[in-house]
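Take a look at the letters that make up each chain.
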Amino acid sequence: MSTPARPQVSTQTTPAPSPYTAPSLAAERPQPPRKWWIAPLVGVLVALPVQLVAAFLLLVSPMALDSCSAANPCGRTEAAIATTLVLFLLAVLSLGLPWYPAKRRSRGVGIGMSLIPLALTLASIGTLLLGIGLG
């Protein structure tokens, strides 16, 4: 009597993923956009000459206070110089701001963030000129 042939079952099992192994992060991380560095670089190159002009005006602005005396107070000018100094320092510190978001996000975010130092610098110049009476 012949016995029916049994199908051969493979005894090899696939290993279950261990809860202690981390998935590969390199495959999940999005690649930065191509030429991401152009917008921050152009923003810095445009803002630096404007910041040099603002620094010169800020250094020369105490001469606007020469005519101040007890009879002719210049309180608004002192406040404008102080505000300009704060805005100018924020503009210098913000030069490094656009680099990280430009690399991690879209090109539009990089361009928008690159305009912040220039806007702060122009605001400081405008505040100074209005404060000393030239605007």
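The structure displayed is predicted, hence computed values, not measured ones. (Residues numbered from 1 in each chain as written. Predicted model: local features only at pLDDT ≥ 70, side-chain atom pairs only at ≥ 80, totals over all residues. Heavy atoms only, no water.)

A look at the confidence of the model for the chain
Low-pLDDT portions of the prediction should not be read for the details of their coordinates. For the chain, mean pLDDT is 76; residues scoring 70 or higher make up 70% of the total. Mean pLDDT values for the elements of the chain range from 57 in helix H1 (residues 25–28) up to 86 in helix H2 (residues 38–60). (pLDDT = per-residue confidence, 0-100. Helix = DSSP H or I, 4+ residues; strand = E, 2+ residues; numbered from the N terminus.)

Details of H2
The end-to-end C-alpha distance of H2, which contains 23 residues, comes to 34 Å, matching closely the 33 Å that a straight helix rising 1.5 Å per residue would cover. Where H2 bends most, the angle comes to about 25°, and this point is Leu-48, followed within four residues by the proline Pro-49. Turning to H2, its buried residues are Ala-39, Pro-40, Gly-43, Val-44, Ala-47, Gln-51, Ala-54 and Leu-58. (Expected span 1.5 Å × (residues − 1). Bend = angle between axes of the 7 residues up to and from the residue. Buried < 20%, exposed > 50% of the residue type's maximum accessible area, 1.4 Å probe, protein only.)

Observations concerning the nonpolar core
Grouped together as the largest cluster of nonpolar side chains are six residues: Ala-54, Leu-58, Ile-81, Phe-88, Ile-125 and Leu-128. Going through the elements one at a time, H2, helix H3 (75–93) and helix H5 (107–131) are the ones with two or more residues in this core. Leaving out residues up to four positions away in the same chain, Phe-88 has contacts with Gln-51, Ala-54, Ala-55, Leu-58 and Ser-124. (Core = buried A, V, L, I, M, F, W, Y, C linked by side-chain atoms within 4.5 Å. Contact = heavy atoms within 4.5 Å.)

Brief notes about a nonpolar patch on the surface
A cluster of nonpolar side chains, Trp-37, Ile-38, Leu-41, Val-42, Leu-45 and Val-46, forms an exposed patch at the surface whose accessible area comes to about 520 Å². By the element assignment, Val-42 lies in helix H2. Val-42 gets classed as partly exposed once you look at its relative accessible area, which sits at 45%. (Patch = residues over 30% accessible without salt bridge, like charges linked within 9 Å, V, L, I, M, F, W, Y side chains within 5 Å. Areas by Shrake-Rupley, 256 points an atom, 1.4 Å probe, with all protein chains shown as cover. Salt bridge = Lys/Arg side-chain N within 4 Å of Asp/Glu carboxyl O.)

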